[in-house]
Amino acid sequence: MPIEMELIDWSKPALPEAARWFVERFATWHGGERSREVETRHPHPNPLPKGEGTRKGDLDLSDVIVCLPGGQARRRLLELLVEEAAERGLVLAPPQIVTPGSLPELLYEAKHPFASDLVQQLAWVKVLQGMKSEQLAPLVRNLPGTDDLPAWLALGKMLADLHCELSADGVDCAAVLEKAAECDGFNEAERWKLLADLERRYLRLLDELQLWDKQTARLYAIDHRECRTNKRIVLIGLVDLNRAQRRMLDQVAERATALVFAPSELAGRFDEHGGLRPEQWQDMELPLSDKQIEIADGPADQADAVIRALAALNGRYSAEEIVIGVPDTRLAPYVDQRLEESGLPVRYSVGAPLERSGPHQLLAEAADYLEHGRFRDLASLVRHPAVAVWLRDQRVERDWLASFDAYFSAHLPARVPENWPLDEDSLHVVRRVQGALAGLLAPLRGKPQPLDQWAQPALEIVSQVFGGRPMDEKTEADRTVLVACRQILDVLKAHVAIPEKLSPLVTGAQALRIVLRGLEGGTIPPRSDSAAIELLGWLELPWNDAPAMIVTGFNEGIVPASRSGDRFLPNSLRRRLGLEDDQRRYARDAYALALLGASRAELRIIAGRRSADGGPLIPSRLLFACDDSQLARRTVALFRRPSEVRRRRVLAAGLRPGREDSALPIPAIDSSPGDIESLKVTEFRDYLACPYRYYLRHRLRLRALDDSAPELDGGQFGTLLHDVLRMFGEDPVRDSETPEEIRQQLFLTLGTLQARQFGESPMPAVRVQIELLKLRLAEFAVRQAAWRRDGWKIKVVERDVLDVEAPFPVDGVPVYLRGRIDRLDFNERDGRHAVLDYKSSETAKTPDAVHRRHGEWVDLQLPLYRHLVKALEINGDVQLGYVLIPKALEKTGFELAAWTAEELAAADRMAEEVVRGIRLGQFPMAASPPDFFEEFAAICQDDQFGVAGRTAGDPDPEAE
């Protein structure tokens, strides 16, 4: 006999109606009255009595199995049953509530333990590795290397997923081969013959290990008619069961009831199992009006559209009566952020990705460091917040991170060096950090061993880092760590349970990679919060009973989901085999939208025009499932080009308006007058560019350090060049007039400095930069030899002028100039002196182009050198210029400035104004950020909306 099917009108949310159905069907009232028996399909003639806090009967569902589409629906149905029982004065004995994935195992008895997902993948790998490469050619032409376990596991997962999908619909690879031969143009026979052979070997291997593949076990139970149960089975909203589940239910049909939510006139669109007849839903007109649909532009605009839809509800619903659907999970962060900005609590039911948790990141960073030994991997590991706490407990100095960054910035090592240099101030702390972490990770080093042997060392590392303090599950940060650690423990237990025959030999790093594979897709479930608005995925929406629902991201490829380019099962073959195909997916989503449209008091559908990366999107085809008279109008509306694409702010009761300005004010600084004793000659340029940023750099001495540089930056490249040229200027070869002799000395010096600074393993990009520097030095050697032949002789190199050597009086009070003279040359023929500054920038700019803009001084470095050289007892006129060593080699050479005495006097007057401004405490922010203050971009909120042109200390316009 077929299973019993009951239609329940879909004009109200499904689960509350299902809860009332259970009371009507199963409640027993005191006095002998009982709700209708299971065998009858007629409702009880008398209304069910309401409870007044007195026990009036029982709702015994202890012998009932309820199967629902998802975990959220399970929890909600139980809540509704409790509420219904309490309202009617019934004592509830709850049912067993399951999802479709676990229902089959309640209908038969497994004779062997089930193989875990990882064991199944390893079994497939074992089968694949037992075949010759030429035998596997129809499946994969280039096999992974013997030691490339992740690639082998990827192949194993691919085959395991294919086997699972086929088995769920009662098909194996041999059956696919038979059916596919009937398809026109089928040319994959060799591949499917191989797959059928691999599948037989896989099942034989599991049988030898006395393990069962779950899908195959279900088929065995079906074929041997082993499905039975003493309980009642109630299926709620299961409109898309696979073939194996249907065949199992057929064997217990007399004890099964399917509740289908639809009006009676749609009964013909459902089959005998309460499932959809896909072909009957392709032309279904869905109950959706044009007013319920909105098109927004990008993800942020869709999030704004959600806020507008909430505002339009005008407070008619509480938070628990509103649900926001996010079929496209990529939109969830945008919606979440906009709700929080608007002062609305939000709860994303999917939860936070496990990969963002501290324990997961610890294992990932440890695996990177163990596997590659790169300095950047070590840097990531030491920045882990929990590792920082652990290092503190190991009594490592508190400034270790700054020392780490300083060492990296100076040496840019690609790998953690085996022989550390001995002359670094930061090295002592860096070595202590590296040594502490080496001890922590030592249990995971060593020769490859079976996977299960690495479980305990991996667990100990997590325990050491996170187990040093008590944790409180009521604290969200601690709860996240505890949930993540439990999931890691479950994966490690699965590793220990792997049969010895399948356990691969792996390194510690590879073992961690396999742990991370087992954690893929894991989440940290959010806490329950009745005051928060729920964000739900598409498949959960029909079974939520909130009366107000807003769905965003309703685009083609998301709803219905797209599955294109299947390497094994094209859509035509899927249809022939009865597997999930485009038609089935469309029918399922059409039914869900129809159910929502019929059962919600408020429903808003939002689709986007663009993805987060700017790619075009089109609305879901479900939005065009309307009457022909509406179709043209709706099509024009959905594809109309917006007249303006902008983010609109919502000003409504209960919603806090979005700010037009940053909520973080630019920090104020001490602008009180004060005296200064000395200034570097390079400081004047910074003050002229932006007094505020000058203050941050030179008065507060803020600087940026990090360990993310992929190569030498401009400053480091220039410093290395300066060091080479300084050593050249101190060597007797400086007087040579032979380019080859100069070039050899420069290259020798560069090699010495390279070995000293970058050690044995500099980054590849640094090696390239060294070779490029050689090209520049070779060209410099030619120009230097010619310069020497013109009579110029190097007299001084890299001379530091200290605080009291070069006074510069301003208003009768001297300020002392400081700086380093790269080079002072003397011409033996005419007695001139020239102060030269090395310039290794990408472009070759003349001194005047650097120092002046439209005739106005913007940099005073070279003019102020006239005052610095007085410390060298040179009081006459001096030439000022650059030694250009740029990327464009042909522009290499000596460039002297041609400034007049009047222009240099104007430069001195400008320098006096700078000194006065600093003395008076005048540090306003420039209207636009200069090019050479990138490290302060965040502090100054450069390029941020609402702050451009506003100087520090200006009032916040929103505060007025």
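About the criteria used
Per-chain numbering applies: the sequence of each chain, read as written, is numbered from 1 onward. Local features are withheld for residues below a pLDDT of 70 in this predicted model, meaning they are given only at 70 or higher, and side-chain atom pairs are given and counted only at 80 or more; totals for whole chains, interfaces and linings count all residues. Excluded from the side-chain calculations are hydrogens and water; all other atoms, namely the structure's heavy atoms, are used. By the criteria applied, helices consist of DSSP H or I runs no shorter than four residues and strands consist of E runs no shorter than two, each listed in order from the N terminus. In this setup the radius of gyration rests on C-alpha atoms only. A globule is expected at 2.2 Å times the number of residues raised to 0.38. Each residue is placed in one exposure class: buried if its accessible area under a 1.4 Å probe, protein chains only, is under 20% of its type's maximum, exposed if it is over 50%, and partly exposed if it falls in between. A contact between two residues is defined here by any heavy atoms of the two lying within 4.5 Å. To be clear on the numbers: accessible area is Shrake-Rupley with a 1.4 Å probe, and residue cover counts the displayed protein chains and nothing else. Charged residues are defined here as Lys and Arg on the positive side and Asp and Glu on the negative side; His and the ends of the chain fall outside this count. The atoms used to mark charge sites are NZ of Lys, CZ of Arg, CG of Asp and CD of Glu. When DSSP locates at least two bridges between a pair of strands, those strands are taken to pair. Fitting a line to C-alpha atoms yields each axis, with helices limited to the stretch in contact; the angle taken between N-to-C directions then spans 0 to 180 degrees. Stacked, tilted and edge-to-face pairs are distinguished by plane angle, under 30 degrees for stacked and over 60 for edge-to-face with tilted covering the rest, among Phe, Tyr and Trp rings (Trp via its six-membered ring) whose centres lie within 6.5 Å. Criterion for a charge above a ring: Lys NZ or Arg CZ within 6 Å of the ring centre, and within 35 degrees of the ring normal. Polar contacts, as counted here, are pairs of nitrogen or oxygen atoms within 3.5 Å of one another; within protein the pair requires one atom able to donate a hydrogen and one able to accept it, and residues that are adjacent in sequence qualify only if both atoms are side-chain atoms.

Q: Sorry, what's going on with the overall build of the protein here?
A: Check the secondary structure of the protein and you find 30 helices and 27 strands. What you see for the protein is a C-alpha radius of gyration of 38 Å, clearly larger than the 30 Å of a compact globule of 960 residues, by over 25%. When the backbone C-alpha atoms are referred to their principal axes, the protein occupies close to 120 × 70 × 60 Å. Looking at the protein residue by residue over its 960 residues, the buried ones come to 49%. Restricting the contact set of the protein to residue pairs at least 6 apart, pairs at least 24 apart contribute 76%. For the protein, the exposed area adds up to about 45700 Å²; of that, 50% sits on carbon and sulfur atoms. For the protein, the distance from the average site of its 123 positive side-chain charges to the average site of its 149 negative ones is 2 Å.

Q: How do you make sense of the sheet that holds strand β11 (residues 346-348) when you look at a structure like this?
A: Within a beta sheet, neighbouring strands are joined by backbone hydrogen bonds and run either parallel or antiparallel to one another. In spatial order, the strands read β9-β18-β17-β10-β16-β11; together these six strands make up an open sheet with parallel pairing. Across the chains shown, the open sheet's two edge strands, defined by having one partner strand only, are β9 (293-296) and β11. If you compare each strand with its neighbour and ignore which way they point, the axes differ by 20° on average. Direction of pairing for β11 relative to strand β16 (residues 533-536): parallel, over a ladder of three bridges.

Q: Is there a simple way to think about the sheet that holds strand β1 (residues 4-8) in this case?
A: An order of β1-β8-β7-β4-β6 is seen for the five strands of this open sheet, with the pairing classed as parallel. At either end of the open sheet lies a strand with only one pairing partner, and these are β1 and β6 (96-98). Here the strands of the sheet are splayed against their neighbours by 20° on average, with no regard to which way each runs. In terms of strand pairing, strand β4 (residues 64-67) meets strand β7 (residues 232-236) through four bridges, oriented parallel. The partner of Val64 across the bridge, within β7, is Arg232.

Q: Help me understand the environment of Glu741 in this model?
A: Topologically, Glu741 is positioned in helix α25 (residues 739-758). Assessed through its relative accessible area of 41%, Glu741 is described here as partly exposed. Between the alpha carbons of Glu741 and Val883 there is a distance of 19 Å; along the sequence they are 142 residues apart. Setting aside residues up to four positions removed in sequence, Glu741 forms contacts with Val733 and Ser736.

Q: What is the right way to look at the pairing of strand β10 (residues 322-325) in this model?
A: Within a regular strand, the side chains alternate between the two sheet faces. What you see with β10 is no split at all: Ile322 and Ile324 on one side and Val323 and Gly325 on the other are buried throughout. Both β10 and strand β17 (residues 548-552) contribute to a ladder of four bridges, which runs parallel. Across the sheet, Val323 pairs through a bridge with Met549, a residue of β17. The pairing of β10 with β16 spans three bridges and is parallel. Residue pairing across strands places Val323 opposite Glu534, the latter belonging to β16.

Q: Would you take a moment to explain the packing of aromatic side chains for this structure?
A: Each aromatic ring pair is specified by the distance between its two centres and by the angle formed by the two planes. Here the structure, examined in full by the defined rule, presents 22 aromatic pairs. With 5.4 Å between their ring centres and 70° between their planes, Trp538 and Phe554 make a pair best called edge-to-face. Residue Trp538 is found in the loop between β16 and β17, and its partner Phe554 is found in the loop between β17 and α19 (571-577); the two are separated by 16 residues along the sequence. The burial state of Trp538 is the same as that of Phe554; both residues are buried. A connected cluster of aromatic rings, assembled from ring pairs, spans Trp10, Phe270, Trp281 and Tyr591. The lysine or arginine in question, Arg269, covers the ring of Trp281, its NZ or CZ lying 5.8 Å from the ring centre.

Q: When you look at the side chain of His698 in this model, what are you seeing that I'm missing?
A: When you line up the elements, His698 lands in helix α23 (residues 691-699). Owing to a relative accessible area of 13%, His698 belongs among the buried residues under this scheme. Looking at His698, its side chain comes within polar contact range of the side chain of Asp686, at 2.6 Å. When near neighbours in sequence (up to four residues on either side) are disregarded, His698 contacts Lys680, Glu683 and Asp686.

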